[in-house]
Amino acid sequence: MIPITIFDDQTVAVFGLGGSGLATLEALAAGGARVVAYDDNEASRTKAALIEGVEIVDLREADWSSFAALVLAPGVPLTHPEPHWSVKLAQQAGVEIIGDVELFCRQRRHSGIDCPFVAITGTNGKSTTTALISHMLRDSGMDVQMGGNIGTPILALEPLASDRIYVIEVSSYQIDLAPSIDPSIGLLLNISADHLDRHGDLMSYAKIKARMVSSSGLAVVALDDRLSANVASNLRLKGRTIVTISGFGNSRAMVAAPDGVLQSMEGDFLFNLDQARALRGTHNAQNAAAAIAVVRQFDLPPAALSRGLISFGGLEHRMEEVGAADGVLYINDSKATNADAAARALASFRSVHWIAGGLPKEGGIETLVDLLDRVEHAYLIGDAADEFARTLKKNGVSYSICAHMDLALAAAIDACKAAGAGAKERVVLLSPACASFDQFPNFTVRGDKFREAVHAYLESGTVPIDASHSSDEGL
């Protein structure tokens, strides 16, 4: 845990008591703050009440004039579709609203400990890139703390130390709540339409992403989409130090990957990404280029860079190989919660039995039409099934509406069996292009269920079907 001492002997309100919220309570209390907390969920309030030094108070009835700050969980709306009631109360009282990443940044400056802070953001690929950077640095013997939007909440990491490297995935929600974010190295991978319900429009979303790298000691920015390339151009015009990267053969990039061969402009690093099985696909070429651009700042030799890329095992729920048998490869890409992320998976394979659907994002799968020739058959689940079916039908792609994932997996396996063995490897791909919240608590649970079902099939020859699902529903 990182004790937050900047609010010593002051009263801080915290709203939102999930994983990051609980870590925030402990960090503030350990640093000497008086902490009052609330959540609309009673179970969350009960859990928070067990933390020493924390008082559960209904913030609707609280005296806001006594609060030094409101620390808001990133999942709570700050501006759109409308500010949460706790935000409105804070604004009326003139109380600043911040998040856990902002607490980390302020504590880091206050402590005088100049520990490296690498912050990674982007619409897609940030979890894989965060994990890859962390792996490569650890593989070279460095003390690395990885967290933020991936896994461990930032304030639950080990205490600040000058020789400790903090590699933090940062979402747009977290940046929005971190007005003074100032990483040593800020990495922007890409910008495409996502979370617009929380930011209003694409340009507002892009400005949030740009602000993080603009305030970084060193900005690493990809050039593979128009909005990110514009961010890079604006930083150059301001005279900022910047490293540009590309997952393709962009001649303006300082680290690029033409035809899957990763190389630096200086000519001192060359690596064929075919050697790194966990980094297959053009999207991972960009992730690898970004990781190399960051890790090179820590003076790792080329041999260490290559070793780290080869030994990286990949990220759960992101192009995760969960099994293979009889010429069929099973891929868990549950983290693909929008069409742009699913495009990266579809582009990696040629003969796909695609499990897609869930709670749809704006635009559905219309942006995927150029990749649909790779889909042998689609198996649609969740709220998006009818919408996705219309797009697939319009583009001549066969599909089945299967309602639930276990039924979809069983149907995909039956189709692969009926097709028989062939020269080409077939892929059963869970890449939903949707949020999970219609049927699963989050994408992790969704991916875990898929992995477990695949493993059960490979061991027993049968896909376990949830008893609450009709045996022939959607088939």
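Details of the structure are given in the entry above.
Small disclaimer: the values here were computed from a predicted structure and weren't measured. Within any chain, residue numbers begin from 1 and follow the written order of that chain's sequence. Only residues with pLDDT of 70 or above have their local features reported here, since the model is predicted, and side-chain atom pairs are shown and tallied only from 80 upward, although totals for entire chains, interfaces and linings are computed over all residues. Side-chain metrics rest on all non-hydrogen atoms present in the structure, leaving aside hydrogens and water.

**Thoughts on helix 8 (residues 202-214)**
Secondary structure follows DSSP: runs of H or I at least 4 residues long count as helices, runs of E at least 2 residues long count as strands, and numbering of each begins at the N terminus. Given a helix with a known number of residues, its expected span is that number minus one, times 1.5 Å. For helix 8, which comprises 13 residues, the first-to-last C-alpha distance of 18 Å matches the rise-based estimate of 18 Å (1.5 Å per residue) to within 8%. Think of it in three bands: residues with accessible area under 20% of the maximum for their type are buried, residues over 50% are exposed, and the middle band is partly exposed, with areas taken using a 1.4 Å probe on protein chains only. All of the buried residues in helix 8 are Tyr205, Ala206, Ile208, Lys209, Ala210, Met212 and Val213.

**Observations regarding the side chain of serine 127**
As for its position among the elements, serine 127 is in helix 5 (residues 126-139). Residue serine 127 is classed as buried on the basis of its relative accessible area of 4%. For this analysis, residues touch if any pair of their heavy atoms sits within 4.5 Å. If we ignore the near neighbours within four places in the chain, the residues touching serine 127 are Ile150, Glu169, Leu315 and Lys335.

**A closer look at the pairing of strand 6 (residues 117-121)**
A large share of strand 6 lies buried, amounting to 5 of its 5 residues. The side-chain alternation of strand 6 yields two buried faces, one formed by Phe117, Ala119 and Thr121 and the other by Val118 and Ile120. Pairs of strands are assigned from DSSP output, requiring at least two bridges between the strands. Judged from the 4 bridges that link them, strand 6 and strand 8 (residues 164-169) form a sheet pairing that is parallel. Along strand 8, the bridge assignment pairs phenylalanine 117 with tyrosine 166. Of the pairings in the sheet, the one linking strand 6 to strand 9 (residues 185-188) comprises 4 bridges and is parallel in character. Its bridge partner lying in strand 9, alanine 119 is registered against glycine 186.

**Some points on the pattern of salt bridges**
What counts as a salt bridge is simple: a side-chain nitrogen of Lys or Arg found within 4 Å of a carboxyl oxygen of Asp or Glu. All chains considered together, the criterion is met by 20 salt bridges. The closest approach of N and O atoms between glutamate 316 and arginine 451, which form a salt bridge, is 3.7 Å. Here glutamate 316, found in the loop between helix 11 (302-311) and strand 15 (320-325), pairs with arginine 451, found in helix 15 (residues 443-460); they are 135 residues apart in sequence, far enough to count as distant. Of the charged contacts, one joins glutamate 366 and lysine 394 as a salt bridge, the two residues approaching to 3.4 Å between their closest N and O atoms. Linking glutamate 366 in the loop between strand 18 (359-360) and strand 19 (375-381) with lysine 394 in helix 13 (residues 385-394), this pair joins segments that are 28 residues apart in sequence. Residue classification places glutamate 366 among the partly exposed residues on the basis of a relative accessible area of 38%.

**Thoughts on the sheet that holds strand 19**
Here 6 strands make up an open sheet; going across it, the order is 15-16-21-17-19-20 and the pairing mixed. The sheet is open, and its two borders are formed by strand 15 and strand 20 (399-403), each paired with just one other strand. Strand-to-strand twist across the sheet, computed as the mean angle between neighbouring axes with direction ignored, equals 20 degrees. Relative to strand 16 (residues 328-332), strand 15 runs antiparallel, the two being bridged by 5 bridges. Counterpart to alanine 324 in the pairing with strand 16 is leucine 329. For helices, the axis comes from a line fit to the C-alpha atoms of the stretch in contact; other axes are also lines fit to C-alpha atoms, and the angle between any two N-to-C directions lies between 0 and 180 degrees. Of the strands in this sheet, strand 15, strand 16, strand 17 (352-357) and strand 21 (426-430) are in contact with helix 15, which crosses strand 15 at around 20 degrees.

**Observations concerning the sheet that holds strand 2 (residues 34-38)**
Across the sheet, 5 strands lie side by side as 3-2-1-4-5; this open sheet has parallel pairing. This sheet does not close on itself; its edge strands, each paired only once, are strand 3 (54-56) and strand 5 (97-98). With 3 bridges connecting them, strand 2 and strand 3 associate as parallel partners. Looking at strand 3, one finds that valine 35 is bridged to valine 54.

**Here's the deal with the nonpolar core**
Judged by nonpolar contacts, the single largest core of 55 residues is most densely connected at Leu25, Leu28 and Phe104. Among the elements that take part in this core, helix 8 stands out by supplying 6 residues, more than any other. Discounting residues that sit within four places of it in the chain, phenylalanine 104 has contacts with Ile2, Phe117, Ile154, Leu155, Leu160 and Tyr166. For the purposes of this section, nonpolar cores are sets of buried Ala, Val, Leu, Ile, Met, Phe, Trp, Tyr and Cys residues that join through side-chain atoms within 4.5 Å.

**Regarding the environment of leucine 89**
With respect to the secondary-structure elements, leucine 89 resides in helix 3 (residues 85-93). For the pair leucine 89 and tyrosine 166, spaced 77 residues apart in sequence, the C-alpha to C-alpha distance is 33 Å. Not counting chain neighbours up to four residues away, the residues in contact with leucine 89 comprise Leu59, Arg60 and Trp64.

**With respect to the packing of helix 5 against helix 10 (residues 282-295)**
Angle between the axes and distance between the axes are the two parameters that describe a pair of packed helices. Packing of helix 5 against helix 10 brings their axes to within 9 Å, and their N-to-C directions diverge by 45 degrees. Relative to helix 10, the element helix 5 is oriented oblique. The chirality of how helix 5 crosses helix 10 is right-handed. Along the contact surface, helix 5 presents Thr128, Thr129, Leu132, Ile133, Met136 and Leu137, while helix 10 presents Asn284, Asn287, Ala288, Ala290, Ala291, Ile292, Val294 and Val295. Residues of the contact of helix 5 with helix 10, tallied by class, amount to 10 nonpolar, 4 polar and no charged. Should an angle lie under 35 degrees it is considered roughly parallel, over 145 roughly antiparallel, and from 65 to 115 roughly perpendicular; all remaining angles are considered oblique. Whether a crossing is left-handed or right-handed is set by the direction in which the near helix is turned from the far one by less than a right angle, anticlockwise for left-handed and clockwise for right-handed. Each residue is assigned to one class: nonpolar for Ala, Val, Leu, Ile, Met, Phe, Trp, Tyr, Cys and Pro, charged for Asp, Glu, Lys and Arg, and polar for all the others, Gly among them.

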